[in-house]
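Analysis of the macromolecular model
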Amino acid sequence: GDSVTQTEGQVTVSESKSLIINCTYSATSIGYPNLFWYVRYPGEGLQLLLKVITAGQKGSSRGFEATYNKEATSFHLQKASVQESDSAVYYCALSDRGNMGYKLTFGTGTSLLVDP
Amino acid sequence: DPKIIQKPKYLVAVTGSEKILICEQYLGHNAMYWYRQSAKKPLEFMFSYSYQKLMDNQTASSRFQPQSSKKNHLDLQITALKPDDSATYFCASSQDWGNYAEQFFGPGTRLTVL
């Protein structure tokens, strides 16, 4: 079946420093999946941060970027300068064309703590 | 105002009991979903509904039964609770089912089974 791997469970970064959260995936459908980053701020539901549906393209939102790398099957999340308000849990996810795109498969999430 | 309401926020139950998790969405969406996240595991898809009809069930156990009394409601009844059912349960909705429609999530209900 489909799977998403996030290797870091928790990351601590000082404010204004750069960030990278790793995500790799495996999708079983013919072709390639849609890729997403979701974020959950304390006390809130998951929110879509960004999505990319075309291999080779980059998505961006709120200063975060992620590039769909089909060859490496990766979709790493990056930010050049983090802020304390970015502290949250970040989830990489995919939807597979094989199931019409309604089912999201998630990674285990990466908890980001930004030190002021 | 919150657009997807889940009640209660926290729930403690004893083994063998039955509980209902409530989900209401005020986004005017036609599709709703349940996901579950157990400790140290990814969010896991459980059910999807479209216009109050079950579209997909990927939960092996019949102890989990979704109930849709209105188009914007999708409750989750869990019977004969087990400690392994302890998890945070997330409700989600999208404008339509399929076609990669963006899913919006509620804040979750954290269930602990003793």
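All values derive from a computational prediction rather than experimental measurement.

What counts as what
Residues numbered from 1 in each chain as written. Chains lettered and ligands numbered in written order. Predicted model: local features only at pLDDT ≥ 70, side-chain atom pairs only at ≥ 80, totals over all residues. Heavy atoms only, no water. Helix = DSSP H or I, 4+ residues; strand = E, 2+ residues; numbered from the N terminus. Buried < 20%, exposed > 50% of the residue type's maximum accessible area, 1.4 Å probe, protein only. Contact = heavy atoms within 4.5 Å. Salt bridge = Lys/Arg side-chain N within 4 Å of Asp/Glu carboxyl O. Buried area = accessible area lost by both parts, 1.4 Å probe. Polar contact = N/O pair within 3.5 Å; in protein donor to acceptor, adjacent residues only side chain to side chain. Nonpolar A, V, L, I, M, F, W, Y, C, P; charged D, E, K, R; others polar. Phe/Tyr/Trp six-rings, centres within 6.5 Å; stacked < 30°, edge-to-face > 60°. Lys NZ or Arg CZ within 6 Å of the ring centre and 35° of its normal.

Some thoughts on the overall build of chain B
Each helix and strand in chain B was counted, giving zero helices and 11 strands. When its helices and strands are written in sequence order, chain B yields β-β-β-β-β-β-β-β-β-β-β. Expressed as lengths along the three principal axes of its C-alpha atoms, the size of chain B is roughly 40 × 30 × 30 Å. The 114 residues of chain B split such that 49% are buried. Of the contacts formed within chain B by residues at least 6 apart in sequence, a portion of 56% connects residues at least 24 apart.

Notes on the pattern of salt bridges
Pairing between side chains becomes possible if they bear opposite charge and their charged atoms approach one another. Across all of its chains, the model carries five salt bridges over all chains by this definition. With a shortest N-O distance of 3.6 Å, E65(A) and K58(A) are connected by a salt bridge.

Looking at the interface of chain A and chain B
Taken together, the contact pairs 21 residues of chain A with 21 residues of chain B. Interface of chain A and chain B: buried area, both sides summed, is about 1,800 Å²; carbon and sulfur atoms make up 60% of it. There are zero salt bridges connecting chain A and chain B. At the boundary of chain A and chain B, one finds four residue pairs in polar contact (both at pLDDT 80 or more). Looking at the side of chain A that touches chain B, the elements with two or more residues in it are β5 (34–40), β6 (47–52), β10 (88–95) and β11 (104–106) of chain A. In terms of residue class, the side of chain A that touches chain B is built from eight nonpolar, seven polar and six charged.

What about the packing of aromatic side chains?
Here the structure, examined in full by the defined rule, presents 12 aromatic pairs over all chains. Both rings, one in Y38(A) and one in F105(B), keep their centres 5.5 Å apart while their planes meet at 80 degrees; by these two values the pair is edge-to-face. One end of the pair, Y38(A), is in strand β5; the other, F105(B), is in strand β10 (residues 104–105), on a second chain. When sorted by exposure, Y38(A) lands in the same class as F105(B), which is buried. Centroid distance Y68(A) to F75(A): 6.5 Å. Interplanar angle 70 degrees. Geometry classified as edge-to-face. Take Y68(A): its relative accessible area is 1%, and that puts it in the buried class. Here the aromatic cluster, defined as three or more aromatic residues joined through ring pairs, consists of F36(A), Y38(A), Y91(A), F106(A), Y35(B), F45(B) and F105(B). The aromatic ring of F64(B) is capped on one face by R36(B), whose charged end is 5.1 Å from the ring centroid.

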